[in-house]
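The residues making up each chain are set out below.
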Amino acid sequence: MKAQSIVISLALLLETVNGNLSLNTCDRILQHGYPCENYTVTTQDGYLPTLFRTPGNPRGREKQNEVKSPPVLLMHCLLCSSDVFVLNGPNDGLPFMLAAGGYDVWFGNARGNTYSQRHIYLSPTSEKFWAFSLDEIALIDLPTTIEYILAATNEQKLHYIGYSQGSTIFMMLQCAKPEYGQKIMTSHLMAPTVFMRHVRSPIFLYLVPLLGPPSDAANFLGTFPMQNVMGMIRILGWRLCNSPPMDVICLRLMQLIGG
């Protein structure tokens, strides 16, 4: 069995045991009394990412008095999903605030993440499924998502909010296909990441000469289902890192990666 199959099978098993398999972005939104919808988009190369939506229908406001607001698209960070925007709940969660203000809030999901591991004919356990990079996410997934939202809402423009990787792919799209600037009303980039030359993480600095040039190791890591690995770390991490001395070890490890 290939490494991809083993990792994905273990991740699904852990999610099932942990009880998180059935709790998706819509479930988390519905828990707080906001409406939610989900959609499946088809990219030109056959991937099937999932979009979530909470329409701008603020609680306590009469429908006849509502003013239609343009859609807002939120794109998540590296190794994340649309869940990252709703975990805080409605008190200080940005999408809830936007929905309460009447905005039509959409959540994108990049290929390969928890909600985008389907394809027209490729299996997520195959190496070919994972043979993509930021280029495909920026130049295929993102414009496909934008076009789908504009068509579904009958709008000409939308607001864009990108977090980390979400900001990176937005700037890549604007550079490669500047015509998409005409479809963006405003853009808001949180933790924007463009150039990596100032990274100080000793782990990354050590791996760059090993994995930067083309090699078997680089190809293996490039087609490895890292989303599933991170899912296993999230499930196991709070158990392993919740008490001494592992809490200090886990903290030091995170500092080595992120500073």
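Residues numbered from 1 in each chain as written. Predicted model: local features only at pLDDT ≥ 70, side-chain atom pairs only at ≥ 80, totals over all residues. Heavy atoms only, no water.

An unreviewed UniProt entry annotates the protein as Lipase 3-like of Musca domestica. The Sequence similarities (unreviewed entry) comment attached to the protein in UniProt states, word for word, "Belongs to the AB hydrolase superfamily. Lipase family." (UniProt positions renumbered as here; feature names shortened; annotations may be inferred.)

### Thoughts on the packing of helix α4 (residues 134-153) against helix α5 (residues 165-176)
Where α4 meets α5, the closest approach of the two axes is 9 Å, and the angle between their N-to-C directions is 85°. Between α4 and α5, the crossing angle belongs to the class labelled roughly perpendicular. In contact with L134, D135, I137, A138, L139, L142, P143 and I146 of α4, α5 contributes Q165, T168, I169, F170, M172, L173 and A176. Its residues assigned to classes, the contact of α4 with α5 shows twelve nonpolar, two polar and one charged. (Axes fitted to C-alpha atoms, helices over the stretch in contact; angles between N-to-C directions. Helix = DSSP H or I, 4+ residues; strand = E, 2+ residues; numbered from the N terminus. Parallel < 35°, antiparallel > 145°, perpendicular 65-115°, else oblique. Contact = heavy atoms within 4.5 Å. Nonpolar A, V, L, I, M, F, W, Y, C, P; charged D, E, K, R; others polar.)

### Some details on the pairing of strand β3 (residues 71-75)
Counting buried positions along β3 yields five of five residues, so the element is predominantly enclosed. Side chains P71, L73 and M75 of β3 all project onto a buried face; the interleaved residues V72 and L74 project onto the opposite face, where all are buried too. Where β3 lies against strand β4 (residues 104-107), four bridges are found, and the strand directions are parallel. Note that in β4 the partner of P71 across the bridge is D104. In this fold, the crossover linking β3 to β4 by way of helix α3 (residues 94-100) has right-handed handedness. Where β3 lies against strand β5 (residues 158-163), four bridges are found, and the strand directions are parallel. Its bridge partner lying in β5, M75 is registered against G162. (Buried < 20%, exposed > 50% of the residue type's maximum accessible area, 1.4 Å probe, protein only. Pairing = 2+ DSSP bridges. Right-handed = clockwise from strand over helix to strand, strands pointing away.)

### Re the packing of helix α6 (residues 202-211) against helix α9 (residues 246-258)
Working note: a packed helix pair is described by the angle between its axes plus the distance between those axes. α9 packs onto α6 with a crossing angle of 55° between their chain directions and a minimal axis gap of 5 Å. Relative to α9, the element α6 lies oblique. Each of P202, I203 and F204 in α6 lies in contact with α9, whose residues at this interface are L253, L256 and I257. Grouping the constituent residues of the contact of α6 with α9 by class yields six nonpolar, no polar and no charged.

### Section: the sheet that holds β3
Spatially, the six strands line up as an open sheet ordered β1-β2-β4-β3-β5-β6, and their pairing is mixed. Strands at the two margins of the open sheet, each flanked by one partner only, are β1 (37-40) and β6 (184-190). Each strand of the sheet is rotated relative to its neighbour by a mean of 20°, with strand direction disregarded. In this fold α4 packs onto β1, β2 (50-54), β3, β4, β5 and β6, with an angle of close to 155° to the strand it touches most, β3. Here α5 sits on the sheet in contact with β3, β5 and β6, set at roughly 125° to β5.

### With respect to α5
With twelve residues, α5 extends 16 Å between its outermost C-alpha atoms, agreeing within 8% with the 16 Å of an ideal straight helix rising 1.5 Å per residue. Of all the positions in α5, only Q165, G166, S167, T168, I169, F170 and L173 are classed as buried. Next to the buried residues of α5 lie β3, α4, β5 and β6. (Expected span 1.5 Å × (residues − 1).)

### Focus on the pairing of β5
Taking burial as the measure, the six residues of β5 include five buried ones, the bulk of the element. By the bridge criterion, six bridges tie β5 to β6 in an arrangement that is parallel. Pairing of H159 across the sheet is with T186, part of β6. Taking the sense of rotation as the criterion, the β-α-β connection linking β5, α5 and β6 turns out right-handed.

### Quick look at the side chain of T54
With respect to the secondary-structure elements, T54 resides in strand β2. A relative accessible area of 3% places T54 in the buried class. Within the local environment of T54, its side chain forms a polar contact with the backbone oxygen of P35, the two atoms lying 2.8 Å apart. When sequence neighbours within four positions are dropped, the list of residues in contact with T54 reads I29, Y34, P35, C36, A99, Y103, D104, V105 and F107. (Polar contact = N/O pair within 3.5 Å; in protein donor to acceptor, adjacent residues only side chain to side chain.)

### Things to note about the state of the cysteines
The tally for this structure, following the rule as stated, stands at three disulfides. One disulfide bridge connects C26 with C36, the sulfur atoms lying 2.0 Å from each other. Taking the torsion about the sulfur-sulfur bond, which here is approximately -90°, the covalent link between C26 and C36 counts as left-handed. In this pair, C26 is assigned in helix α2 (residues 25-30) and C36 in the loop between α2 and β1, connecting sequence segments ten residues apart. Per residue, the accessibility class of C26 equals that of C36, and both read buried. A disulfide bridge connects C77 with C80, and the sulfur atoms are separated by 2.3 Å. Since a negative S-S torsion denotes a left-handed disulfide, the C77-C80 link at about -85° is left-handed. Judged by its relative accessible area of 7%, C77 falls in the buried class. Indicated for the protein is the disulfide connectivity 1-2, 3-4, 5-6, based on numbering the bonded cysteines in sequence order. (Disulfide = S-S within 2.5 Å.)

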